[in-house]
Amino acid sequence: MSAYILPIIFIALFCYSKYKKVNTYDTFVKGAKKSIPLVVDIFPYIATIMIAVALLRASGITAMLATALSPIFNALGIPTELIELVLLRPFTGSGSFALLNDVLVQYGPDSYISRCACVILGCSETIFYVTTVYLSQTKVKKLLYAIPVALICATFGAVLACLLCKIM
Amino acid sequence: MVVGSICFLIWSDPANILNVMIGASGEAFSLCIELCAVYAVWMGILELVEASGLGQKLAKLLHPVIKKLFKINDVETEKMLALNMSANMLGLGNAATPMGINAMKRLDDGSGVATPAIIMLIVLNATSIQLLPSTVIGLRASAGSTSPSDIILPTIIATACTCALGICLVKLFGKIWKPKSNSNSISQNKNIKSIKKIDKACKFHYSNKNFKLKKISFKNKKEKNK
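Since the model is a prediction, treat every value here as computed from it, not as a measurement.

Enquirer: Tell me about the environment of asparagine 94 of chain B, and please be specific about residues and values.
Expert: Residues and elements named next belong to chain B. You can see asparagine 94 is positioned in helix α5 (residues 93-107). Spatially, the C-alpha atoms of asparagine 94 and serine 149 are 22 Å apart, while their sequence positions differ by 55 residues. Aside from chain neighbours lying at most four places away, what touches asparagine 94 is Leu35 and Val38.

Enquirer: Provide a residue-level description of the interface of chain A and chain B, including the pertinent values.
Expert: Taken together, the contact pairs 70 residues of chain A with 78 residues of chain B. Breaking the side of chain A that touches chain B down by element, the ones donating at least two residues are α1 (2-19), α2 (24-33), α3 (35-59), α6 (93-107), α7 (112-122), α8 (127-135) and α9 (146-167) of chain A. Take the side of chain A that touches chain B: its biggest share by element is 15 residues, from α3 of chain A.

Enquirer: Residue-level account of the confidence of the model for chain A, with values.
Expert: Atom-level detail of predicted coordinates should not be read off regions where pLDDT is low. In this model, chain A carries an average pLDDT of 84, and 98% of its residues clear a pLDDT of 70 or more. Confidence scores differ between elements of chain A, with α1 of chain A showing the lowest mean pLDDT of 81 and α2 of chain A the highest of 89.

Enquirer: Describe the confidence of the model for chain B, listing the residues and the values that go with them.
Expert: Residues and elements named next belong to chain B. The predicted model of chain B has a mean per-residue pLDDT of 75, with 72% of residues at 70 or higher. Low pLDDT (under 50) marks residues 181-196, which in the prediction has 16 contacts with non-local residues, meaning those over four places away or in another chain. Taken over the whole predicted complex, pTM reads 0.73, whereas the ipTM for its chain interfaces reads 0.80.

Enquirer: Hey, could you go over the packing of α2 of chain A against helix α2 (residues 17-51) of chain B for me, with residue numbers and the actual values?
Expert: The description of two helices packed together rests on the angle between their axes and the distance between the axes. At a minimum axis distance of 7 Å, the contact between α2 of chain A and α2 of chain B shows a crossing angle of 130°. In terms of orientation, α2 of chain A lies oblique with respect to α2 of chain B. The handedness of the crossing between α2 of chain A and α2 of chain B comes out as right-handed. Residues Thr24, Thr27, Phe28, Lys30, Gly31 and Ala32 of chain A of α2 of chain A pack against Ala40, Met43, Gly44, Leu46, Glu47, Leu48 and Ala51 of chain B of α2 of chain B. For the contact of α2 of chain A with α2 of chain B, the per-class residue count stands at seven nonpolar, four polar and two charged.

Enquirer: How would you summarise unusual backbone geometry if you had to cite specific residues and measurements?
Expert: Residue and element names in this part refer to chain A. The phi torsion at lysine 21 lies on the positive side, around 60°, for a residue other than glycine. Along the chain, lysine 21 falls in the loop between α1 and α2. The backbone of leucine 144 shows a phi angle near 50°, a positive value even though the residue is not glycine. You can see leucine 144 is positioned in the loop between α8 and α9.

Enquirer: Run through the nonpolar core, naming residues and quoting values.
Expert: By size, the foremost hydrophobic cluster in this structure holds 94 residues, and its most contacted members are Val119, Ile120 and Ala161 of chain A together with Val123 of chain B. In this structure, this core is formed jointly by two domains, domain 1 (1-52) and domain 2 (54-177) of chain B, each of which donates at least three residues. When near neighbours in sequence (up to four residues on either side) are disregarded, isoleucine 120 of chain A contacts Leu82, Leu85, Val86, Arg89, Ala158 and Ala161 of chain A.

The rules behind the values
- Residues numbered from 1 in each chain as written.
- Chains lettered and ligands numbered in written order.
- Predicted model: local features only at pLDDT ≥ 70, side-chain atom pairs only at ≥ 80, totals over all residues.
- Helix = DSSP H or I, 4+ residues; strand = E, 2+ residues; numbered from the N terminus.
- Contact = placed C-beta atoms within 7 Å.
- pLDDT = per-residue confidence, 0-100.
- Axes fitted to C-alpha atoms, helices over the stretch in contact; angles between N-to-C directions.
- Parallel < 35°, antiparallel > 145°, perpendicular 65-115°, else oblique.
- Left-handed = near helix turned anticlockwise from the far one by under 90°.
- Nonpolar A, V, L, I, M, F, W, Y, C, P; charged D, E, K, R; others polar.
- Core = buried A, V, L, I, M, F, W, Y, C linked by C-beta atoms within 7 Å.
- Buried ≥ 20, exposed ≤ 12 C-beta atoms within 10 Å, placed from the backbone.
- Domains from an automatic or database assignment.

What follows is the structure, given as structure tokens:
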């Protein structure tokens, strides 16, 4: 079902723009052309944050943090096995999906832990990545309370995810 | 934190530092090429949406929500925000990014400090409501789950809750931070109480400034007398 949504939207859009007498081909080309400068602009930001994350992971600090923080997370209802996932999720999308795959293989896709992991990933975003990319074209340097709020929400989401998986 | 991890690596595995860094930047490069392809498609579509006037319609549809959340009065920005939010809801994070960047550019006032609207956009994108967590479902299916889609309902509930919490927190923090924030966005607030508050804050600010000026002139006089 979900596989049909996008194609239908696209076809509807093309038909609508034809109906509105927009030059479809030229407009599309014009838009697609803008993608290269955009990517060139955001590449340094993506590279920097990915290098920082890779260093963090390679040094094993995240794993150490996970064991150090396990009492707190356990008190919140998050299983020990998922702490590293929760910690890494705000930094890296591909990294956390790799971790999710490990969890799925190790514990079986229908176990409680795997379902928790799936919901946690589904309801959160790569906060730091989103922030750096979105702000790469602006002069904003001081973020005030944006990151703390986002992190609080992510933690709350993880707790809620574990709770919901227990009930459902 | 980065310095700390480098120090830690020097102690544990010094030969590997450069490899890790170059590997990561290579990963970033391939990600960017992938993104370039994705953006080319989506920005083409975006251009079509705008040229055909659909963007305007979507913005009108989401106008009440955007007005409540961002407190802005710019049609162009509103359009970008509407597209960004609808793409996020469909689970198209990568498609939402170019529009989000455009909206950010328009929201930026050049002061270097995030305005409440910018913070709201960041938090909304960081906690975005996802109706279809397609990647996760795909991974579950390939791992051999008996019902890969049974996580959809808990995910939607959880993501709706985090999104609501995010909006509430931003609004709450925005109230606490008001004296420091830009008065432009606040002046549109029709709440008389808050205007009175700002008045007071401004008066305080100016009296402070006058006081400082007096101090400086006083000092100058002193120096001249000497």
